[in-house]
Structure formats: structure tokens, C-alpha cells
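Geometric and topological summary
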Protein chains: 2
Amino acid sequence: MEKQGHKVDFGHLDVEALAGKIRSFEGVSRKRPIADIAAIFESVSDMYGDCVVDFGDDAAAIDIGGGDVILFAADGIWGRLIEKSPWWAGFTSVLANVNDIVAMGGKPLAMVDVVSSSRCEDFAEIFSGMAEGVKKFGVPVVGGHTHPEGTASLSVAIIGIAKKDELIRSDTASPGDVVIFAADMDGRTGPNSPYSFESLSFKDPATIRKMYEAPQQIAKQRLATAGKDISNPGVIGTLGMLIETSRVGAAVDLTKIPLPDVDVSFERWLLMHPGTGFVLTAQPKNASECIRILKSGGIEAAVVGEIKKERTLDIFAGKNTATVFDFEEEGITGICKK
Amino acid sequence: MEKQGHKVDFGHLDVEALAGKIRSFEGVSRKRPIADIAAIFESVSDMYGDCVVDFGDDAAAIDIGGGDVILFAADGIWGRLIEKSPWWAGFTSVLANVNDIVAMGGKPLAMVDVVSSSRCEDFAEIFSGMAEGVKKFGVPVVGGHTHPEGTASLSVAIIGIAKKDELIRSDTASPGDVVIFAADMDGRTGPNSPYSFESLSFKDPATIRKMYEAPQQIAKQRLATAGKDISNPGVIGTLGMLIETSRVGAAVDLTKIPLPDVDVSFERWLLMHPGTGFVLTAQPKNASECIRILKSGGIEAAVVGEIKKERTLDIFAGKNTATVFDFEEEGITGICKK
């Protein structure tokens, strides 16, 4: 079977149109309220002394002394996914939370949940999906809160632990770093959204846990300068968020992006939310070791671009170039607009 | 002004009817699904090795080594409160979470939130209420997730830190212990529910933080054998949850329960959710020191009963006695029915 990657006709790719589609993609535009929220809490942040990183990263890191930080994150699942498939909502909630900790080089410790629904059968399905996630990722759900009423909603928070000086943060990419795109390619279009790439439900726990140790290894050896979990904004949108908080720019060579062996268009692939996917930056000398570790964990990875000082995110294929975001004009989260 | 407590005619109190009202109170009956949830996650709990306590306590405690545990809890706010008053929902979410950590003798470290609403103005109000809570309690919000759509929902998770051997747990009360009821009496009926006793919005941060250090002191000196934050089930319902997980019973002398100097009926007071309130158990020899520490922090406290082996929760006033819960028959959470 011919690889999907071979089918992309980069010579005729309308890079400008692609940039526009990424910019206006709902997965990207939904990130805009972050700045307003951060501003509200900054006004009362005189007690934030123990917090190493907070808004804008996958997880907050709270310094507990002794060189350790507790990583702390929360994710909510879109109401429409819960209504469509409560089992998948439960499973996805675990996945999204684990990814937040893993992307920072941390070890996930435990989760708590808040679930509401007026339909009894939703609870059973949601918790069954979460229990499957617990089994696959080896991270327990240790408590929570249940509302037997209202429209369906599901929120999960997670904690993890990491060494303070080994954290993979979002705000630490520097000009001259290379950009690495890493994702588990062994998957298929998800059952509930054309923009989700499902690669975990059919894998056994040992395979998954091995995959999730790769970022921890990269963290321990301090091979990455920055990194972020690829979520709803897709690979380019996620890189955009990373460079926005790092106050840098990036140029991505579209022809270098690894493609899965499934029937999705190139444009769709760029907007997809992989089950396991990360954007990393590294000094050029460490890129090949990063890639080696990722691949040995079962994650496909390649250098796809580089970090630059000028604060735009540009994509190109050969001589066709377009700017997706200009952070001097407008941010994704707006968190670093000032 | 005459104290409300003087007005209770205990001689004519229908204790049996009161027991029935507590038993059928919505704040109590809403706790029933806990057992089913715990059962689902227990089936995949082979990786729960680091977790000291989980379902059934105010917060889970995860052993991170070196004698420390991370406390981890989540609370959701009832949808109807968010619709009625998003500011109070935000403020209450912080309060409820901080109480979960404080009740266990821990120091709160940080919170994350997941908020959804299709109304922009709700976000501003919710976050403004949360920011007020952050200021009052000195615990930062370090991250979260926002859904700009759907019906209003608000979930907050919190982490705290404590010494493993100083934890105030729910499942460790023993026959012969006394029961201490402790609550901040300087308050009024809450603005949004006849069952909430609001005592915090008008106090300054220094007063509040001093109050919340009292349980930490009791923990450090290991003066309590068990304890739990008084939440929606009210004082008797919360004691019921504590003795259920401790697999013991209790007898409460209604005439000993401290009353606030406000115009609420005795029955209402027993069903109220105080802003700051705890049920503690202690060996009789340590009760007076517990009470001294609580009072010096501004929390009214008194011995109101004792723990017994027979697994019923009985209330009495003079010779009038009634059984509120018989845990051999049915639990509140059902978590320890087996």
C-alpha cells in the first residue's frame, strides 16, 4: 500500500489557503479566551510564589521543595462529545489529561473528576470509558464529584511529578532551535470527530506506557528546549501556541511533516488532534537523539522546521510560503500579546 | 439579644421526625452514587499503590515519598447556583475546595478550573468570584479549561500538601472517641440557598487564614482521630458519612450543638452547609485542646456526642431518641455497605 505522504502534490498546494484554514479552525479560535482569564487571576497573584509556570502551559508546576514540582492540569470534554458518545468522552478525558503531564516530561500520578448528567446510563458509560483509560495509562482516578442532574458535562484534573530543572515547558523555545513533530502514526480517524486521530483504544497497556516514557527520557536528559502536547488546534496551531508563549516565531517545511498511512487529506491531517502527539523544540545537535528516543518508544518523529526571532508562524512547501499567525498583530491565546 | 440556642424547646422536639428529615434531605441523598463510582474504579485499581486514601474522604492522598502526601480533590458547583449567581458560584467553588484540603489537616497549594457557559457575562462573574476566593484564602488558580458554549458548569480541583502521618482522615474514628462539632458562627443565611450559612465574604483575608490554620495545628499535634468538612449534607449527614467510612456508629446529643445567633430554626441549622465547619473525632483526653485551638482561630466548637461500635447514627434530646442512619441496613454513600 502506497503511503499517503506520497500522494501530496506539494507543487500545487495552495499554501495561503491552507494557512487561512488553520487560522480560522475552531480548534484554534476556541483558545482565545485564555488571555482574559489569565488577566483576572494575575490581579490577585501575590501568593503565586510557589508556582513555576501557570497559564499558557499544558500544566502548572508548583514547587514543593527538594527539587520536585507537582504538575497540575485540568481538561473538560466538549458537551457534544459526551452526548454523542459518553464512553469515548470518558476515555478521551483520561487521555487528554495524561498527555498534559507527559508533554512536560512529568510522571502522571492521579486524576479526579467532576461529572454531571441527568441520564443514569451516561454515568456508567463515562466511568467505563475512564476506567479503560485508567487501565491503559496506569494512572488512577482517586476521587471526584457527581451531579445526578443537568446537561452532561465532564471535567478531569490530573497531577504529576517532575524534577524542576527537567521540565519541558512551552515558553522556553529559542531562535536557532529546530522544531520536531512527533506523533503515534498507528491509528485511524476517530469515531466521533473527523479531526481526531484515534491510536490508543486498540493498543495494550505495555505498548502505551512504553510510548509515554519517551518524553520522560527526553526530559531527564534535557534534550528538548520546549514542548507541547498537540491538542485540538492541530500540529501547526499547537506550535503556534508554543511560540506565542515563548515570544519567538517559526518556519515549518510542510514537505517534512510525517503522514499516517490512512486516507485523510494533508489539510485534514494538519488540523487533526493525534491520540499521542507532541511538538518539541531542541538545539540542532540534540535533535537526532530526541528523534531516536521517540521512535524507540513507537512515536514517529521528524525535524519539520526551525524557531526564528521574528514573531510569525510561517509554513512553506518549496517556494510557496504563507504566514499563519503574526503574533505582533494578534495571538492565539492572546496571553503574550503585550 | 437572646441567643437562638435558648429558643429551642428540646422537651417538645420531635426527634423522630427530625431524623427522617435529615435522612431524606437532598444534600444527603445526592451522596448515594459514590459507591457505584468507587466500584467501577476499584476494578482497575492495580496501580493504586501510591494512594493512601481515595473515595470516601474529602481529598485523596498520594504518597510522594519523604513523608509527604499530595492531597487532591475536586468539587463541582450545582448548575442551578451558577445560573442564579455566577459570582457566588465562583466564590463557593474556591471555598469548597479549600475546605476539602483544610479538613484533612493539609495546606492548600493551588487550584485549576473547568468552566463552560454560552453566556460571556457568566465567565466574567464566575472568574471574579473565584478571584475573590483566591484573595481571601491565599490559594492561587494556576490553570484551567474554558468552554465558550453549552449550559453553565463549573468544576474546580485543588491540591494541597500534608505529612502522611499527620493526616486527618474520615475512616479512622474509633469507639470511645468524642464527636466535636466545629463551625464559624459569625455569619448569616446565604444569598442563594436557605441551606447555606455564609460567613466568609465579609471577613478579611488575615482573619480567614488564621481560622484555616486551626485544623493544620490540630493535625500537626495529632489531636484528632478523624475529621470531615461539613458540606451539603449538614452536620449530622456529614458525621454520618464519616462514621460510615470508619465503620462505626455515633450518638449525638442535640442539646449540645452550638447555635449561631441568627434567626434560623434548629432543624434548618442541622441541615445547613456552614462556610467553615468540620466534624472531628478525638480521644476524650484531647477534646479540650482541640476545642481551644479551634476557638483561638475563631471557630466555635463543642463536644456533641460520642463514637460507638454499633453502626447506627442516633440523635437524642433528653430521653427522646431516634436513629437517623442504620449502616447495617443502608449507607449514605454505600461505599462501606459490604
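Each chain carries its own residue numbering, running from 1 in the written order of its sequence. Chain letters and ligand numbers both follow the written order, the letters beginning at A and the numbers at 1. In keeping with the predicted nature of the model, local features appear solely for residues at pLDDT of at least 70, side-chain atom pairs appear and are counted solely at 80 or more, and the whole-chain, interface and lining totals rest on all residues. Processing note: side-chain calculations cover all non-hydrogen atoms of the structure and skip hydrogens and water entirely.

The name recorded for chain A in an unreviewed UniProt entry is Thiamine-monophosphate kinase, from Methanolapillus millepedarum.

1. Structural notes on the overall build of chain A
Per the secondary structure count, chain A includes 10 helices and 16 strands. When accessible area is computed with a 1.4 Å probe and restricted to protein chains, residues below 20% of their type maximum are described as buried, those above 50% as exposed, and intermediate ones as partly exposed. Of all 338 residues assigned to chain A, the portion counted as buried reaches 62%. Should any heavy atoms of two residues lie within 4.5 Å, those residues are considered in contact. Considering only intrachain contacts with a sequence separation of at least 6, the fraction spanning at least 24 residues in chain A is 80%. Helix and strand assignments come from DSSP, with helices taken as H or I runs of at least 4 residues and strands as E runs of at least 2, each series counted from the N terminus.

2. Overview of helix α8 (residues 234–246) of chain B
Residues and elements named next belong to chain B. Here α8 spans 18 Å end to end across 13 residues, near enough to the 18 Å set by a 1.5 Å rise per residue. The buried fraction of α8 amounts to 13 of the 13 residues, a majority that puts the element mostly inside the structure. A positive backbone phi angle near 60° is found at Arg247, which sits one or two residues after α8. Here a helix's expected span is defined as the number of its residues, less one, multiplied by 1.5 Å.

3. Looking at the relation of the copies chain A and chain B
Mapping chain A onto chain B calls for a screw motion: a turn of 180° about the axis and a shift of 0.0 Å along it, with 0.0 Å RMSD after fitting. Here the two chains are linked by the operation of a two-fold rotation axis. Here the copies are superposed with least squares, the fitted atoms being C-alpha atoms of residues at a pLDDT of at least 70 in both.

4. A short note on the sheet that holds strand β7 (residues 178–183) of chain A
All names here are of chain A. Strand pairing is defined by DSSP finding a minimum of two bridges between the two strands. Spatial ordering of the open sheet is given by β10-β13-β7-β14-β11-β15-β16, a layout of 7 strands whose pairing is mixed. Pairing within the sheet leaves two strands with one partner each, and these edge strands are β10 (226–229) and β16 (320–326). Taken pair by pair, the neighbouring strands of this sheet meet at an average axis angle of 25°, ignoring direction. The pairing of strand β15 (residues 312–317) with β16 spans 6 bridges and is antiparallel. Along β16, the bridge assignment pairs Asp314 with Thr323. Angles here are taken between N-to-C directions and fall from 0 to 180 degrees, while the axes themselves are lines fitted to C-alpha atoms, restricted in helices to the stretch in contact. In this fold helix α1 (residues 15–24) packs onto β15 and β16, with an angle of close to 20° to the strand it touches most, β16.

5. Here's the deal with the sheet that holds strand β9 (residues 196–198) of chain B
In a beta sheet, neighbouring strands pair by backbone hydrogen bonds and run either parallel or antiparallel. Residues and elements named next belong to chain B. With mixed pairing, 3 strands are arranged side by side in an open sheet as β8-β9-β12. Bordering the open sheet on either side are β8 (188–189) and β12 (273–274), each of which pairs with just one other strand. Across 2 bridges, the pairing between β8 and β9 is antiparallel. By the bridge assignment for β9, Arg188 is matched with Glu198.

6. Focus: the interface of chain A and chain B
Contact residues are listed per partner, giving 56 residues for chain A and 56 residues for chain B. Summed over both partners, the accessible area lost on bringing two parts together, with a 1.4 Å probe, is the buried area. Each partner contributes to the roughly 4,500 Å² buried at the junction of chain A and chain B, and carbon and sulfur atoms together form 73% of this total. Salt bridges are identified by distance alone: a Lys or Arg side-chain nitrogen within 4 Å of an Asp or Glu carboxyl oxygen. Inspection of the region where chain A meets chain B yields 0 salt bridges. Under the rule applied, a polar contact is a pair of N or O atoms within 3.5 Å (in protein, one hydrogen donor and one hydrogen acceptor; residues adjacent in sequence only if both atoms are side-chain atoms). Counting the contacts that link chain A with chain B gives 3 residue pairs in polar contact (both at pLDDT 80 or more). Elements that contribute at least two residues to the side of chain A that touches chain B include exactly α3 (34–42), β2 (60–65), β3 (68–77), β4 (107–116), α6 (120–137), β5 (141–147) and β6 (153–163) of chain A. When residue character is reported, Ala, Val, Leu, Ile, Met, Phe, Trp, Tyr, Cys and Pro are called nonpolar, Asp, Glu, Lys and Arg charged, and the others, Gly included, polar. Residues of the side of chain A that touches chain B, tallied by class, amount to 35 nonpolar, 11 polar and 10 charged.

7. Observations concerning the UniProt feature "domain: PurM-like C-terminal" (unreviewed entry) in chain A
UniProt positions are given in the numbering used here, feature names are shortened, and annotations may be inferred rather than shown by experiment. Using the residue numbers shown here, the UniProt feature "domain: PurM-like C-terminal" (unreviewed entry) corresponds to residues 202–314 of chain A. Each end of residues 202–314 of chain A is marked by a C-alpha atom, and these two atoms are 36 Å apart; helix forms 40% of the span and strand 26%.

8. Side note on empty space enclosed by the protein
The definitions used throughout rest on a 1 Å grid laid over the protein atoms alone, on which a cavity is an enclosed set of points accommodating a 1.4 Å probe that cannot get out and a pocket is an open set flanked by protein within 12 Å on both sides along at least five of seven lines; lining residues are those having an atom within 4 Å of a point. Grid points are joined across faces, edges and corners, and a volume is the space filled by probe spheres set on the points. Going through the model one piece at a time under the given rule, you end up with 3 cavities of 30 Å³ or more. When its volume is computed, the largest cavity comes out at roughly 60 Å³. Lining the largest cavity are 13 residues, with Ser155 and Ala157 of chain A together with Ser155, Val156 and Ala157 of chain B positioned closest to its centre. If you trace the second largest cavity, you find it lined by Ala103, Ile168, Pro215, Ile218, Phe278, Leu280 and Leu294 of chain A. Among the secondary structure elements, those contributing two or more residues to the lining of the second largest cavity are α7 (205–220) and β13 (277–282) of chain A. Residues that form the lining of the second largest cavity fall into these classes: 7 nonpolar, no polar and no charged.

9. Observations regarding the environment of Asp314 of chain A
Residues and elements named next belong to chain A. Within the secondary structure, Asp314 sits in strand β15. Separated by 137 residues in the primary sequence, Asp314 and Asp177 have C-alpha atoms spaced 15 Å apart. Ignoring anything within four residues of it in the chain, the contact list for Asp314 reads Ala250, Ala251, Val252, Lys308, Ala322 and Thr323. At a separation of 3.1 Å, a polar atom in the side chain of Asp314 contacts the side chain of Lys308.

10. Some words on the pairing of strand β14 (residues 300–308) of chain A
Residue and element names in this part refer to chain A. Relative to β14, β7 runs antiparallel, the two sharing 6 bridges. When the bridges of β14 are listed, Ile180 appears paired with Val303. Bridging between strand β11 (residues 249–253) and β14 involves 4 bridges; their strand directions are antiparallel. Residue pairing in the sheet places Gly249 in a bridge with Lys308 of β14.

11. A few points about the pattern of salt bridges
All names here are of chain A. Under the definition given, this model contains 34 salt bridges over all chains. Notably, a salt bridge pairs Lys163 with Asp68, separated by 3.0 Å at the nearest N-O pair. Taken together, the positions of Lys163 in strand β6 and Asp68 in strand β3 put the pair 95 residues apart, joining distant regions of the chain. Take Lys163: its relative accessible area is 37%, and that puts it in the partly exposed class. Measuring nitrogen to oxygen at the nearest pair gives 2.6 Å for the salt bridge that ties Lys203 to Asp184. One end of the pair, Lys203, is in the loop between β9 (196–198) and α7; the other, Asp184, is in the loop between β7 and β8 (188–189), with 19 residues separating them in the sequence. Lys203 sits in the buried class, given a relative accessible area of 10%. One network of salt bridges, with partners in common, ties together Glu132, Lys135 and Lys136.

12. Some remarks on the environment of Asp253 of chain A
By the element assignment, Asp253 of chain A lies in strand β11. Setting aside residues up to four positions removed in sequence, Asp253 of chain A forms contacts with Val304, Gly305 and Phe316 of chain A.

13. Examining unusual backbone geometry
Of all residues except glycine, most have a negative phi; of all peptide bonds, most are trans. We note that Arg247 of chain A has phi near 60°; this positive angle belongs to a residue other than glycine. Following the sequence through the fold, Arg247 of chain A ends up in the loop between α8 (234–246) and β11.

14. Observations concerning the pairing of β5 of chain A
All names here are of chain A. With 6 of its 7 residues buried, β5 lies for the most part within the structure. Bridge count for β4 against β5 is 6 bridges, and the pairing is parallel. Bridging from a neighbouring strand, Ser116 pairs with His147 of β5. Seen with its strands pointing away from the viewer, a crossover is right-handed when the path leading from the first strand over the helix to the second is clockwise. Note on the crossover from β4 through α6 to β5: the handedness is right-handed.

15. Here's the deal with the environment of Leu270 of chain A
Residues and elements named next belong to chain A. Relative to the elements of secondary structure, Leu270 occurs in helix α9 (residues 266–271). Looking at Leu270, the relative accessible area reads 1%, which means it is buried. Considering only alpha carbons, one finds Leu270 and Gly234, 36 residues apart in sequence, at a separation of 5.8 Å. The residues touching Leu270, leaving out its near neighbours within four places in the chain, are Leu18, Ile22, Pro233, Gly234, Val235, Ile236, Leu254 and Ile257.

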